[in-house]
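Working through the structure, step by step
The lines below spell out each chain.
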Amino acid sequence: MTTATATAAPTRGGSRPRFVGVGLAALALLLVSVGAAITLGPADVSLVNVRDILLNHLGGADIPVRVSKEAIVWEDRLPRALVAAACGAGLGLCGLILQSLLRNPLADPYVLGISSGASSGAVVVAILGVGASGLGVPGGAFIGSLVSFAAVLGIARLAGGGDDKLILAGIAVTQLFSAITSFVIFAFADSDATRGVMFWLLGSLEGVRWNGAALCGIAAIAGTLLCLSRAHVLDAFAFGDDVAASLGVHVKRERAVLIAAAALLTATMVSVAGAIGFVGLVLPHAARFLAGPLHLRLVPVTALIGAIFMVWVDALSRIAFSPSPLPIGVSTALVGVPVFIAIMYRRRRTL
Amino acid sequence: MTLQTRDVAWNRGGRLVVDGVTLDPRPGETVGLLGPNGSGKSSLIRLLSGVARPTAGVVTLDERPLAEVPRREAARTIATVTQHADTTVDVTVRDIVCLGRIPHRGVFGGDRRADADAVSEALERTGLTAKAGESWHRLSGGERQRVHIARALAQRPRELLLDEPTNHLDIRHQLDLLRLITELPVTTVVALHDLNLAAMFCDALLVLKDGRAVAAGAPAQVLTPELIAEVYEVDAAVTVDAVSGRPQIAFTI
């Protein structure tokens, strides 16, 4: 009887207990990844060192560890790994939100101009020195991303609204802000400043500290919780606004909340880690491949694989050309594109 | 106690797409909306579904203005099947039918038992049980329409609104689909293009032209050669089927 298999639980992602099991395993894998990534790098640190240092700081233990190792792990590598994890989760969720709401499998923070606006904001602060004392580069990036996103929404509204208009406006604004960024660099930057900014434009986790980790971590966790509470809303948008509305979804309000959340999440991540490309586009597709189309599963899976992916990509970019680090945006694209092509091939007809 | 409109009008960007229409279906009956392209059928369905608000007049659900009914509550009573609802997401038939349970979710999820029952009943009624695991993108046009109707049924509605559900279907699937709809124990308002299908399946008809209601009543009273000439600007001969007592329309060139 064919109906027996058809009426059994969802086709992908397995049954509920199995899914919870896989989820817990992924969470454990994330923790192990963070621990392992911390040991990698020019200075030699073992997993035992990592455990001792964590126990000292978090468990109130007093295990003797060399001060230099303590500083490397606690002041540099751990916050850096946590920022990487938060950025992976946060950018992945942004892509997931935008792909669902705009019903476009190519939507991500880049397409909507959020990242390019952030770059312009950062460059204006770093090179022109506008508000350099009060804002700092992260503040400039944050404001730039919100300005560019507001511009995208405004242009889309002027053009009569609609999701296709939003994408077109995003492309236009991306071009505009890329041009502004290049113009500022070309006209005003000396070679030192250019090098520093370029690094940041390609995404960089160099020198992030605990304040960055706290900011990104809170943003990623808040974003995950919001998306989980809105999972059924994200599902309801699969067939467009009218069907969502007929299912009792408050379309305008939910859309505003979710798009604002995506903009804030991206702005936060970009302000700490620079413009890391490709993650927001690819991760939701990888997650769909693993967990199926329903967002109650997609949200945690996207966040977890995003976090794991970025922790490893960051570790690899730190050690690949050690001691000079590779910008993380370069690594995400180099690793991400082949993965993306493989997924596209596996899923062929339906992207 | 149903979904009614009283003198509703909708001024859509300076154009009056619905102009003073009153619709008052009896519970459980199937009302056909007829009229040429652009006569306001889809717009009236949008007003009835609450997706759009009338600029004058009122849509009521159980005598209560629909605008005052919370959306989720409305979605537990009214289900809508629109035209051209497509997706880029790789979803299965079951996933889509499960969407119909969204309005019944509480803050902490829903009643899983009731959800499962409603979904399997909706699949059963639409003959889709064997296709539950199939991907949306592999379905034919007729199957996609049935999936949307199954999704609407999973909402367990009392009122069902359908906007030209038989578009692009071959004649067998048109007949199957309308038979399915008329046999459902719900009040149905369905926009249709085909006058003969409307005459065969509907209990009552409302004919629109330029947003205004020009005729309403039982098919035999409404579908006269004079009305068809006035509304559609074509000549037709109307005979009455001896067995069913329903009118049959033959167009003349």
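Residues numbered from 1 in each chain as written. Chains lettered and ligands numbered in written order. Predicted model: local features only at pLDDT ≥ 70, side-chain atom pairs only at ≥ 80, totals over all residues. Heavy atoms only, no water.

**A word on the sheet that holds strand β2 (residues 15–23) of chain B**
Residue and element names in this part refer to chain B. Taken in spatial order, the four strands of this open sheet run β2-β1-β4-β5, and their pairing is antiparallel. Taken across any chain shown, the strands that pair with only one partner, and hence form the sheet edges, are β2 and β5 (64–65). Along the sheet face, helix α1 (residues 41–49) touches β1 (3–12), β2 and β4 (56–61) and points at about 120 degrees away from the line of β1. (Pairing = 2+ DSSP bridges. Helix = DSSP H or I, 4+ residues; strand = E, 2+ residues; numbered from the N terminus. Contact = heavy atoms within 4.5 Å. Axes fitted to C-alpha atoms, helices over the stretch in contact; angles between N-to-C directions.)

**Some details on the confidence of the model for chain A**
Residue and element names in this part refer to chain A. Taken over all residues, the pLDDT of chain A has a mean of 84, while the share at 70 or more is 94%. No element of chain A has a lower mean pLDDT than helix α1 (residues 2–7), which averages 36, and none a higher one than helix α9 (residues 210–229), which averages 94. This model gives residues 1–11 a pLDDT under 50, and the stretch forms 12 contacts once residues within four places in sequence are excluded. (pLDDT = per-residue confidence, 0-100.)

**Examining helix α6 (residues 171–183) of chain B**
Think of an α-helix as turning once every 3.6 residues; residues three or four places apart then point the same way. Residues and elements named next belong to chain B. Between the first and last C-alpha of α6 there are 18 Å, a value that for 13 residues agrees with the 18 Å anticipated at 1.5 Å per step. Inspection of α6 places Gln174, Leu177, Leu178, Leu180 and Ile181 among the buried residues, and these make up the whole buried set. One face of α6 carries all of its buried residues, which in axial projection span an arc of 155 degrees. Residues of α6 that are exposed and angled more than 90 degrees away from the buried face: Ile171, Arg172 and Glu183. Where the residues of α6 are buried, they touch α4 (112–125), α5 (141–154), β7 (159–163), β8 (187–191) and α7 (195–201). (Expected span 1.5 Å × (residues − 1). Buried < 20%, exposed > 50% of the residue type's maximum accessible area, 1.4 Å probe, protein only. Arc of directions from axis to C-beta.)

**Regarding the packing of helix α4 (residues 67–101) of chain A against helix α13 (residues 279–291) of chain A**
The packing of two helices is summarised by the inter-axis angle and the distance between the axes. Residues and elements named next belong to chain A. At a closest axis distance of 7 Å, the pairing of α4 and α13 adopts a crossing angle of 80 degrees. What the angle tells us is that α4 and α13 run roughly perpendicular. Residues Gly88, Leu91, Gly92, Gly95, Leu96 and Gln99 of α4 pack against Val279, Gly280, Leu281, Leu283, Pro284, His285 and Arg288 of α13. Of the residues belonging to the contact of α4 with α13, the class tally is six nonpolar, six polar and one charged. (Parallel < 35°, antiparallel > 145°, perpendicular 65-115°, else oblique. Nonpolar A, V, L, I, M, F, W, Y, C, P; charged D, E, K, R; others polar.)

**Let's talk about the pairing of strand β10 (residues 212–217) of chain B**
On a regular strand, each side chain points to the face opposite its neighbour's, so the side chains alternate between the two faces of the sheet. Residues and elements named next belong to chain B. Across five bridges, strand β9 (residues 204–209) lies against β10 in antiparallel orientation. Bridging from a neighbouring strand, Leu208 pairs with Ala213 of β10. The hairpin turn running from β9 into β10, its antiparallel successor, is two residues long, and Asp210 in that turn takes a positive phi close to 50 degrees.

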